[in-house]
Amino acid sequence: MDDRLIESLTAAVTSAPADLTLRLHLASLLVEAGRGPEAIEHVATALAAEPTSVEARELMARAMGTSPAPAPPSAPTPAAEPSEPSSGFDWHAAESDLGERVGPMFVDGTTEDPGPAPYDVEQVGVRLADVGGLTEVKKRLEASFLAPLRNPELRALYGKSLRGGLLLYGPPGCGKTFLAKAVAGELGASFLHVSLADVLDMYIGQSERNVKELFEVARSSAPCVLFLDELDAIGGKRSLNRSSGARTTVNQLLTELDGVGSDNEGVFVLAATNHPWDVDPALRRPGRLDRTLLVLPPDRDAREAVLRTHLRGRPVERIDTRRLAKATDGFSGADLAHLCESASENALMDSVGSGQVRMIGMTDFDAALAELRPSIGPWMETARNVALYANASGEYDDLATWLRKRR
Amino acid sequence: MSDVDHLLERASALLELGRPADAEHAALEALAADPTSAPAFVVLTRALDGQRRFDEAVGAGRSAVAADPDLADAYVALAWALVGDGRADDAVAVAGSAVALEPHEPACHHALGWALLSSSPPRHQEAHDAAARAIELEPGATPAYSVLGLALAGLGRRREGRKVLREGLRINPHDPYLHNNLAKIDLDRGLRIGRTGRHLSAAAGAIPQEPVVHRNLDTLLVRFAMRLVWPTLVALSVLRLQVALDAPWWSRAVTGAVYAGLAGLMVAWFSRQVPRGLRFWARGVLARVALPVRLIALAMLAFAACVVATAFAPTSLAAVTEQAAGVLLRLAFVLAAVLLVAHLVQRRRHRRG
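Since the model is a prediction, treat every value here as computed from it, not as a measurement.

**Quick look at the UniProt feature "transmembrane region" (unreviewed entry) in chain B**
All names here are of chain B. The residues that UniProt annotates with the feature "transmembrane region" (unreviewed entry) are residues 249-270, 291-312 and 324-345. Secondary structure within residues 249-270 divides into 100% helix and 0% strand; the distance between the first and last C-alpha atoms comes to 31 Å. Taken as a whole, residues 324-345 contains 100% helix and 0% strand, while its terminal C-alpha atoms sit 32 Å from one another.

So, in structure tokens, the structure goes:
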């Protein structure tokens, strides 16, 4: 049996897990190749979705016959014996399943209900080397942010302060969040991501308290990278905010960034925005988010790298990534991911239609490319106006230079 | 708080953050949960208005009014959408309904004032009264100062108009519309290039997407270019004399160098008054201005080129370029005179209409 075909089909099933026909086809190939235990997993999934499928039942029988290995836990085997027939319920298993999620049985009124954890602090394993392309950005990130953090002696020698954070800006979908995660990975710090949805909920409720709480969580998890996504949502210009709620949120954010009444040691504040021009200028003053870094759409080499990353694990054949990279000028990283997804979808639909499983080819990419346009167009229009008319202090010089090159 | 209320809060917050596209999505979600919600239609109208999709905004505004005919906010949102869509006369009637429903709501008077100011011909006195009422109800509402200032300027009381706008700037020194409107009043008079440039810089810095500010900057640039005519005229007169007296070539070159230096200093001064990067944003200005202005500007450019050529060309050629400069100057004056007459005729027709 052709292992390559099985691998390709496995990849196809991974990208389209709901396609039962494809899954059963893969399972039958696995059975024929003598890989019964692997086939059982796929058949069990198919049976869970469609318990009456005759084909799946037959395949399960064949797979079980090929290999007497025990069925996986997900397999619907009604004949399985209960482990503790005497009590009828496995209390130990249930307790270990629930674990710490069960609250105390009684409270005395003085203990506050902590409620669910408001923010998830995660440990990230991503490093800067995992970021495709963006060579220049990584260099600048290293020079302006990481190197001073990593070299305390040099920092002391040159009297460099650790105060201040970094603002990443650029068009949407170009990897700002991923870069922030990579910074956390480089620093070996935990990562606290605050998104727009969290922020807007904060606005409606007790906004200042929530911002304070957010920094408290970051301080208690130090070393921690606190990543404020879409900063313009939290820290928009106060002159444009009509409601006092939004203004006080910015004030609280300023207080927390300054570390008034608390120590921000070990908390590295990173922020990202597509619209830095809408961010309150006070947030960008020295000691706050005083370093800015423009994250641009990937260049040709980076696009090729990004495409290869997205195609890894998919059943592809004779894909000319160099040509694709050339044809996708102006595409963001997210656009490239969407392109790969669309091409896969084209191949999948064709396979479903013809009943013949086939690899993803250049024709699928050409068809997808004909329908896709770079998504950063509206952003470019805004950015061009800002660079032309609102660059009084030269803070958008790098953006202006890039836009002029793209003319 | 119900889901719809929550979504509407969210949409309103997004609108305030200047994210009309996101606000539109939130408003649509609210409408999916309650298709008859008038406040959701109001937010949707404002979100579409913010994206300059005026036609759709008018449709959403009409739905808001249909959903709750007693909601003044719906009329206000529809009025703004109608003004954006160039239907200011309809907007006046709609804003009038809002005022009738909520006579003590400054936003209604403000919308009415702006609609009156935008109607054709502008109804300055009524706009003045509406804006004055809005300010009386809410003295801190700086957008109403813009309407009042422009209405006063339209009534010929420019000095008072400027005073009102400056008063608004004292309340909110960052209001970009007040800066733009102050600049507009100066532009209409053609005076104070430096002050106009500074106001327009402040406006462009805060609202770089606003096409009105771009247009005003273009106009200011043309005005400044016209100012350069005076040193050019002086240089031409001196050069004519030098050519007539058969003065040595270097004396003409000195005149040319002085002229070029003076013009350079004026340009350097101007570039400090306007948004940074003059050579970038000013690029293509001739293609953006109206055809008659473009013709005059081209004639003046050719005139200046002839003056420079007269200064540095050999004597035989200098006589020709000096003659050509004179012809081009006359041509520019004739064009300007025709343009002025056409403008006056149009204004008179406008007033009669």
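**Section: the sheet that holds strand 5 (residues 267-273) of chain A**
All names here are of chain A. What the six strands build is an open sheet, ordered 1-3-4-5-2-6; its pairing is mixed. A strand with exactly one partner marks an edge of an open sheet, and here the two such strands are strand 1 (121-123) and strand 6 (291-294). Across this sheet, the average inter-strand angle for adjacent strands is 25°, counted without regard to direction. By the bridge criterion, four bridges tie strand 2 (residues 166-169) to strand 6 in an arrangement that is parallel. Across the sheet, residue L167 finds its bridge partner in strand 6, namely T292. Its contacts with the sheet put helix 6 (residues 135-150) on strand 2 and strand 6, and the angle it makes with strand 6 is roughly 170°.

**Some words on helix 1 (residues 3-16) of chain B**
Residues and elements named next belong to chain B. For helix 1, with 14 residues, the first-to-last C-alpha span of 20 Å sits near the 20 Å given by 1.5 Å per residue. Those residues of helix 1 not exposed but buried are L7, L8, R10, A11, S12, A13, L14 and L15. G18 occupies a position one or two residues after helix 1 and carries a positive phi of about 80°.

**A short note on the packing of helix 13 (residues 300-311) of chain A against helix 15 (residues 333-354) of chain A**
Residue and element names in this part refer to chain A. The contact between helix 13 and helix 15 brings their axes to 9 Å, and the two run at 45°. As the angle between them shows, helix 13 and helix 15 are arranged oblique. In this structure, helix 13 meets helix 15 at a crossing whose hand is right-handed. Residues R303, V306, L307, H310 and L311 of helix 13 form the contact with helix 15, whose participating residues are G333, L336, A337 and C340.

**So, the environment of D218(B)**
Residues and elements named next belong to chain B. Structurally, D218 can be placed in helix 13 (residues 211-227). C-beta crowding within 10 Å serves as the criterion here: with 18 such atoms nearby, D218 is assigned to the partly exposed category. On a C-alpha basis, the gap between D218 and V289 in space is 7.4 Å, while along the polypeptide they are 71 residues apart.

**Remarks on unusual backbone geometry**
Put simply, S120(B) and P121(B) share a cis peptide bond, and its omega is -5°. Note on placement: P121(B) falls in the loop between helix 7 (106-118) and helix 8 (124-137). Residue E230(A) is not a glycine yet carries a positive backbone phi of 50°. With respect to the helices and strands, E230(A) occurs in the loop between strand 4 (224-228) and helix 11 (231-234). You will see that D246(B), though not glycine, has its phi angle at about 55°, which is positive. Among the secondary structure elements, D246(B) is positioned in the loop between helix 14 (229-244) and helix 15 (249-273).

**As for the confidence of the model for chain B**
Residues at a pLDDT of 70 or more form 98% of chain B, whose mean pLDDT is 89. Among the prediction metrics, the complex's ipTM stands at 0.74, with pTM recorded as 0.70.

**Brief notes about the environment of A305(A)**
Position of A305(A) relative to the elements: it lies in helix 13. Note on A305(A): 19 C-beta atoms within 10 Å, which makes it partly exposed.

Calculation rules
Residues numbered from 1 in each chain as written. Chains lettered and ligands numbered in written order. Predicted model: local features only at pLDDT ≥ 70, side-chain atom pairs only at ≥ 80, totals over all residues. UniProt positions renumbered as here; feature names shortened; annotations may be inferred. Helix = DSSP H or I, 4+ residues; strand = E, 2+ residues; numbered from the N terminus. Pairing = 2+ DSSP bridges. Axes fitted to C-alpha atoms, helices over the stretch in contact; angles between N-to-C directions. Contact = placed C-beta atoms within 7 Å. Expected span 1.5 Å × (residues − 1). Buried ≥ 20, exposed ≤ 12 C-beta atoms within 10 Å, placed from the backbone. Parallel < 35°, antiparallel > 145°, perpendicular 65-115°, else oblique. Left-handed = near helix turned anticlockwise from the far one by under 90°. pLDDT = per-residue confidence, 0-100.

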